[in-house]
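Here's the letter readout for the chains.
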Amino acid sequence: MKRRKFEPVLSHTRLRLLQILMATLLVYFLITSFETPKTGWDSGEEYDASFELFSDSSLSREGLTEALSRPTDHGPRLRDSRGSPLQTPERRMRESKRVSGLVFEGEKTQFDGNVSKADEVFGLHKAAVEAWRVGKKLWAEIESGKIELDKSENRSDPCPHSLSVTGSEFHARNRVMVIPCGLTLWSHITVVGTPRWAHPEYDPKIAVVKEGEEAVMVSQFMMELQGLKNVEGEDPPRILHFNPRLKGDWSNKPVIEHNTCYRMQWGSALRCEGWQARAVEETVDGLVKCEKWIRDDDDHSEESKAIWWLNRLIGRTNKVTIDWPYPFVEGRMFVLTLSAGLEGYHINVDGRHVTSFPYRTGFVLEDATGLFVNGDVDVHSVYAASLPTSHPSFAPQMHLEMVTKWKAPPLPYGHVELFIGILSAGNHFAERMAVRKSWMQHKLVKSSRVVARFFVALHGRKEVNLELMKEVEYFGDIVIVPYMDNYDLVVLKTIAICEYGVRTVPAKYIMKCDDDTFVRVDAVLKEARKARKHRSLYIGNLNYHHKPLRYGKWAVTYEEWPEEDYPTYANGPGYIVSSDVAKFILSEFEKNKLRLFKMEDVSMGMWVEQFNDSRPVEYVHSLKFCQHGCIENYYTAHYQSPRQMICMWGKMQHNGKPQCCNMR
């Protein structure tokens, strides 16, 4: 009887449990059905997951580089720079004429046609799609031979002895005078202009507003000698920055400031504040860097009063001197002449020498291919004379030295200990040539125990791409990432470096650096070997708890990065990850789960942090991976010009120890 009474109760309980289970499954099904699919682009917007930039079911087998270019199943296959199907490293090593620069051909049909409204993408995803489309079209033209320099483009640009523009012409040209062949010794440029009257400045980034004040009165302008523009999104180098501040400087005095800027990194400024520079400090062609001009506080110091009374007591007469005023006055016309001397640039205003600025290592006179004037000044005319009449050395073909010695050695069989991927831009011919002639000559690289390759995207100028293809063919050390170069898409090159270091040249450690980074190959490898065996590694100059900049040129919006802090990340000029971290990055990318950010070094920090959740990563911090310039006993040195690269390598060879060369 007990058994009969118990059975209905048990059956009822089972029924209730089954109902609960079915209800749970139904709710779960409904939730997952309406859940927005995750994407690897972190665009901050929803879009149809069927539209994926590099999505392909066979990506895990054939790698990132082919995914960037692979067409439909019946289309062309991945090709090397000679048009042959891609082979394994061992096969390519046996074929001595095979170069390692990978190029691609064919179509990628999933990007053809217009993107529907439902498939619209945003942020980095949208930029990458557009860069791919343009790059694909350009590469097809290169492969088909349609891109050739016109006769007018193929001949050397004219190099006039002098140039002149009126104020209206200068303004119409966006305040830039193009100097086709740069400057040469004793070249000079004359600018006639009038400083504008001071205006109230409310911008907190410029004006330091005191309590109770609404604004600061500002009148300043800048004149710059600039170089050729590099990558889209990157400012041209400022070879000379001349900045008179009539009003608005923090000192409340009129000043003149000089500086240079290379790869968006400013050098050490020279401030002229009305006191004559001492000749014992340093002169430029025998002229002091800063001349004296009248200051409000010139004759009010206790020292000057004491000297005046002493001279009076001993009967010494005052020496007749001429007090020059500050050379620029609001509303008064000036004639400024910039001349190129043996040791530096000299500025004369209304016939009087005012300042001189020494040349900084890394820039040569012919690099100064543009004059830019902006700010609170009206330009009436610009005249340049004594210019070079022959084509300058910044032409690509002048940089490339087609010498067998600089060619990359063949890829080795099997694994290597370190692979170094070098980020570069299409028109950085001089930078790549300097790297080839300096630290890439290290015995570890020449013996293929360490492999180094440049990673380059397509350039907007067709003559640059044509020269780049010649460079790819000859040196065999360039990997083409087939999209149109864009400063915000550098992160794609980093992924390509991981793919190459995992699949093409299987390496224990993978390093990323820039083409203006000097690498001590042996020291970097020794630092990696210090880590405990079989540990996952992330080595570099680490940043902890850095916050995004929300204002200014480097601003990051909350849509781009909603968190208050960046993850711990190594500065981009040089860092190392172990191969398991690189494999994880590829795996996540292939599954379309890799979050991308426009700052590639922050992206790497984000990926390593994600990997660290599943397997502990050993973070190794060292200031010897220099973020700015060079320090004693460096591992890597950043912002090194081609001349500095050669200089540093020479010191390594002759002195047997790492030494820095003069900064810019």
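Data block above holds the structure.
Given the structure is predicted, the values throughout are model-derived calculations rather than measurements.

About the thresholds
Residues numbered from 1 in each chain as written. Predicted model: local features only at pLDDT ≥ 70, side-chain atom pairs only at ≥ 80, totals over all residues. Heavy atoms only, no water. Disulfide = S-S within 2.5 Å. Helix = DSSP H or I, 4+ residues; strand = E, 2+ residues; numbered from the N terminus. Buried < 20%, exposed > 50% of the residue type's maximum accessible area, 1.4 Å probe, protein only. Phe/Tyr/Trp six-rings, centres within 6.5 Å; stacked < 30°, edge-to-face > 60°. Lys NZ or Arg CZ within 6 Å of the ring centre and 35° of its normal. Pairing = 2+ DSSP bridges. Axes fitted to C-alpha atoms, helices over the stretch in contact; angles between N-to-C directions. Contact = heavy atoms within 4.5 Å. Salt bridge = Lys/Arg side-chain N within 4 Å of Asp/Glu carboxyl O. Expected span 1.5 Å × (residues − 1). Arc of directions from axis to C-beta. Patch = residues over 30% accessible without salt bridge, like charges linked within 9 Å, V, L, I, M, F, W, Y side chains within 5 Å. Areas by Shrake-Rupley, 256 points an atom, 1.4 Å probe, with all protein chains shown as cover.

(A) Fine view of the state of the cysteines. By the definition in use, this model includes four disulfides. A sulfur-sulfur separation of 2.0 Å characterises the disulfide bridge that pairs cysteine 159 with cysteine 181. Looking along the S-S bond of the cysteine 159-cysteine 181 disulfide, the torsion reads about -65 degrees, which is the left-handed sense. Here cysteine 181 lies in the loop between strand 4 (176-178) and strand 5 (188-195) and cysteine 159 lies in the loop between helix 5 (151-154) and strand 3 (163-166), a separation of 22 residues in the sequence. Take cysteine 181: its relative accessible area is 3%, and that puts it in the buried class. Through a disulfide, cysteine 647 is tied to cysteine 661; the S-S separation comes to 1.9 Å.

(B) Region of the structure containing the packing of aromatic side chains. Per the counting criterion, the structure on display carries 20 aromatic pairs. Relative to tyrosine 619, the ring of tyrosine 538 lies with its centre 5.6 Å away and its plane at 75 degrees, an arrangement referred to as edge-to-face. Linking tyrosine 538 in strand 24 (residues 536-543) with tyrosine 619 in strand 26 (residues 617-621), this pair joins segments that are 81 residues apart in sequence. Using a relative accessible area of 27% as the deciding quantity, one classes tyrosine 619 as partly exposed. Between the aromatic rings of tryptophan 561 and tyrosine 566, the centroid separation amounts to 5.2 Å while the plane-to-plane angle is 65 degrees, which identifies the pairing as edge-to-face. The structure contains a cluster of three or more aromatic residues connected by ring pairs, namely Phe221, Phe242, Trp293, Tyr326, Phe328 and Phe334. Cation over ring: arginine 436 sits above phenylalanine 475, and NZ or CZ is 4.0 Å from the ring centre. For arginine 550, the ring lying beneath its charged end belongs to tyrosine 558, and the centroid distance is 3.9 Å.

(C) Highlighting the sheet that holds strand 21 (residues 478-484). Pairing in this open sheet of seven strands is mixed, and the strands run 21-20-19-22-25-24-26 from one edge to the other. Pairing within the sheet leaves two strands with one partner each, and these edge strands are strand 21 and strand 26. In this sheet, neighbouring strand axes are inclined to one another by 20 degrees on average, regardless of whether the strands run parallel or antiparallel. Examined bridge by bridge, strand 20 (residues 450-458) and strand 21 share five bridges and lie parallel to one another. For phenylalanine 454, the partnering residue across the bridge sits in strand 21 and is isoleucine 478. Helix 11 (residues 462-475) rests against strand 20 and strand 21 of the sheet, and its axis sits at about 155 degrees to strand 21. The strands touched by helix 15 (residues 600-612) within the sheet are strand 22 (507-514), strand 24, strand 25 (569-578) and strand 26, with strand 25 carrying the most contacts at an inclination of about 35 degrees.

(D) Layout of the pattern of salt bridges. The final tally for this structure, using the stated rule, is 24 salt bridges. Here arginine 595 makes a salt bridge to glutamate 563, at a shortest N to O gap of 3.3 Å. Taken together, the residues arginine 595 in the loop between helix 14 (579-590) and helix 15 and glutamate 563 in the loop between strand 24 and strand 25 connect sequence positions 32 residues apart. Through salt bridges that share partners, Arg245, Asp249, Glu257, Arg271 and Glu273 make up one connected network.

(E) Examining helix 16 (residues 642-655) more closely. With 14 residues, helix 16 ought to run about 20 Å at 1.5 Å a step, and its terminal C-alpha atoms sit 20 Å apart, in line with that. Taken together, the buried positions of helix 16 are Gln644, Met645, Met648, Trp649 and Met652. End-on view of helix 16: buried residues confined to an arc of 135 degrees, all on one side of the axis. In helix 16, those exposed residues whose orientation departs by more than 90 degrees from the buried face are Arg643, Gln653 and His654.

(F) Spotlight on a nonpolar patch on the surface. A cluster of nonpolar side chains, Leu185, Trp186 and Leu342, forms an exposed patch at the surface whose accessible area comes to about 330 Å². Looking at the element boundaries, leucine 185 is found in the loop between strand 4 and strand 5.

All quantities given are derived from atomic positions and should not be read as evidence of function.
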